[in-house]
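# Breakdown of the fold
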Amino acid sequence: METINPINEKAIIIGAGPCGLAAALELQQLGLSPLIIESRNIVHSISQYPTYMRFFSTPELLEIGGIPFTTANDKPTRQEALAYYRTVTLRHDIRVNAFETVTDIQPEGSRFRVTSVTRFGEAKQYACDTVVIASGYFDHPNSLGIPGEETGKVSHFFRESHPYTRTKVAIIGGSNSAIDAALELERVGAEVTVIYRGEAYHKGIKPWVLPLFEGLVNKGKINMRFCSRVVRIDPASILVEGPEEAETIPNDFVLALTGFHPDREFLAKIGVRIEPDGSPHFNDNTMETNIPGVYLAGVVASRLQANEVFIETGRHHGRLIAEHLSSTLFR
């Protein structure tokens, strides 16, 4: 096997989402000049959001490093968020190796050896003192586990409605993302069916959106199927199991908006203890895992539900990490 000379770093952060960037800013204050390794682009998850999405959060709740996020609206748009995090990265000279994937982290004496591969297939290795895992969850959609799920007509992401004009679209899920997608699709003339396991509308649906959606359902412009699930996806139809019987529905596209989950397998592989409930072990006050020197930041630190950690809360994890490092490095 070819020997690779490791690149020396003080700290490596895995993931250039808002929480990874926030952690980088905090570590910069300690003089560590961390390197972020990101498998996609900066704030990749936000770039995957619907094109015309508007955040539920106010701009100050999305700010990192105390850097103001200004917008002319009460709630910022996806485009404004992309511009904000991109500008923060450039202005504060945060080092990001984009399109490079970390494949392993192993202890080596008192340090760590981080192995990665670039988009060109080049293997790289780093030696560092501290690793912060802020890898998010957007690359790991929750699968349905049904026949036909892997076909090209199925997507776990909704970007914009225009390509679906005059097509038959099934949306699996009942969260805000499913409701918002259904509304946009109806506006462009798609025939929309929403299939949801629940008995009633999800309590978390935005209160100003639900009446609009219910109105379209009552008028027959959106088909809503409660207590139902898709059990098979065929080229021109889907099989839906409802409360009374199974039904074949003509279909062109399926949007499986069933959520995402962090990569627990990678955490377990590198030695992070996984609790009986499936969540990673870490100290709530420091974000340090059972491996000294390895920390979690952002949604990867969620426990029972991935959506229990948002940008609003995960952006503060970097401060906890920096405070702990400061107490150990400079005591």
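Structure's up top.
Residues numbered from 1 in each chain as written. Predicted model: local features only at pLDDT ≥ 70, side-chain atom pairs only at ≥ 80, totals over all residues. Heavy atoms only, no water.

With that settled, consider the nonpolar core. Leu27, Tyr85, Ile105, Val131 and Ile133 are the most contacted members of the largest nonpolar core, which totals 57 residues. By residue number, the principal contributor to this core is helix 1 (residues 18–28), which donates six residues. Non-local contacts of valine 131, meaning those with residues more than four positions away in its chain, are made with Ile12, Ile14, Ile105, Phe112, Val114, Gly293, Val294 and Tyr295. Counting 23 residues, the second-largest nonpolar core is a separate cluster that includes Ala181, Ala182, Ile205 and Val217. (Core = buried A, V, L, I, M, F, W, Y, C linked by side-chain atoms within 4.5 Å. Buried < 20%, exposed > 50% of the residue type's maximum accessible area, 1.4 Å probe, protein only. Helix = DSSP H or I, 4+ residues; strand = E, 2+ residues; numbered from the N terminus. Contact = heavy atoms within 4.5 Å.)

Here the focus is the sheet that holds strand 3 (residues 35–37). Reading across from one edge, 4-3-2-8-17 is the order of the five strands in this open sheet, with parallel pairing throughout. This sheet does not close on itself; its edge strands, each paired only once, are strand 4 (95–97) and strand 17 (294–296). For this sheet, the mean inter-axis angle between neighbouring strands, taken without regard to orientation, is 25°. Across four bridges, strand 2 (residues 11–14) lies against strand 8 (residues 130–133) in parallel orientation. Pairing of alanine 11 across the sheet is with threonine 130, part of strand 8. Docked against the sheet, helix 1 engages strand 2, strand 3 and strand 8, running at close to 165° with respect to strand 2. (Pairing = 2+ DSSP bridges. Axes fitted to C-alpha atoms, helices over the stretch in contact; angles between N-to-C directions.)

Phi at valine 43 is positive, roughly 40°, even though this residue is not glycine. Structurally, valine 43 is set in the loop between strand 3 and helix 2 (44–47). Since its relative accessible area comes to 2%, valine 43 is described here as buried. Not every positive phi belongs to a glycine, and methionine 287 is a case in point at roughly 70°.

Here phenylalanine 266 is to be found in helix 6 (residues 264–269). With 139 residues separating them along the chain, phenylalanine 266 and alanine 127 place their C-alpha atoms 19 Å apart. Discounting residues that sit within four places of it in the chain, phenylalanine 266 has contacts with Val102, Thr103, Asp104 and Ile105.

Our next topic: the packing of aromatic side chains. The relative placement of two aromatic rings is captured by the distance of their centres and the angle of their planes. Per the counting criterion, the structure on display carries 14 aromatic pairs. Ring centres of phenylalanine 69 and tyrosine 84 lie 4.4 Å apart, and the angle between their planes is 5°; on these two criteria the pair is classed as stacked. Residue phenylalanine 69 is located in the loop between helix 2 and helix 3 (78–91), and its partner tyrosine 84 is located in helix 3; the two are separated by 15 residues in the primary sequence. Accessibility expressed as a relative area gives 7% for tyrosine 84, which makes it buried. With a centroid separation of 5.4 Å and an interplanar angle of 85°, the aromatic rings of tyrosine 164 and phenylalanine 253 are classed as edge-to-face. Highlighted residues: tyrosine 164 in the loop between strand 9 (154–155) and strand 10 (168–172) and phenylalanine 253 in strand 16 (residues 253–256), separated in sequence by 89 residues. Judged by its relative accessible area of 14%, tyrosine 164 falls in the buried class. (Phe/Tyr/Trp six-rings, centres within 6.5 Å; stacked < 30°, edge-to-face > 60°.)

What follows deals with helix 4 (residues 176–187). Compared with the 16 Å implied by 1.5 Å per residue over twelve residues, the 17 Å span of helix 4 between its first and last C-alpha is a close match. Buried-residue contacts for helix 4 involve strand 10, strand 11 (191–195), helix 5 (210–218), strand 12 (222–225) and strand 16. Looking at the residues trailing helix 4, positive phi occurs at glycine 189, about 90°. (Expected span 1.5 Å × (residues − 1).)

In this section: the packing of helix 4 against helix 5. Remark: helix 4 packs on helix 5, axes separated minimally by 10 Å, with the N-to-C direction vectors making an angle of 55°. By the criterion of interaxial angle, the relationship of helix 4 to helix 5 is oblique. Between helix 4 and helix 5 lies a crossing whose hand is left-handed. Two secondary-structure elements touch here, helix 4 through Ile179, Ala182, Leu183 and Glu186 and helix 5 through Leu212, Phe213 and Leu216. (Parallel < 35°, antiparallel > 145°, perpendicular 65-115°, else oblique. Left-handed = near helix turned anticlockwise from the far one by under 90°.)

All right, on to helix 1 then. Residue pairs spaced three or four apart in an α-helix point in one direction, given the helix's 3.6 residues per turn. Of all the eleven residues making up helix 1, ten are buried; the element is thus mostly covered by neighbouring parts of the structure. Turning to helix 1, its buried residues are Pro18, Cys19, Gly20, Leu21, Ala22, Ala23, Ala24, Leu25, Glu26 and Leu27.

As far as function goes, none of this settles anything; it's purely spatial.
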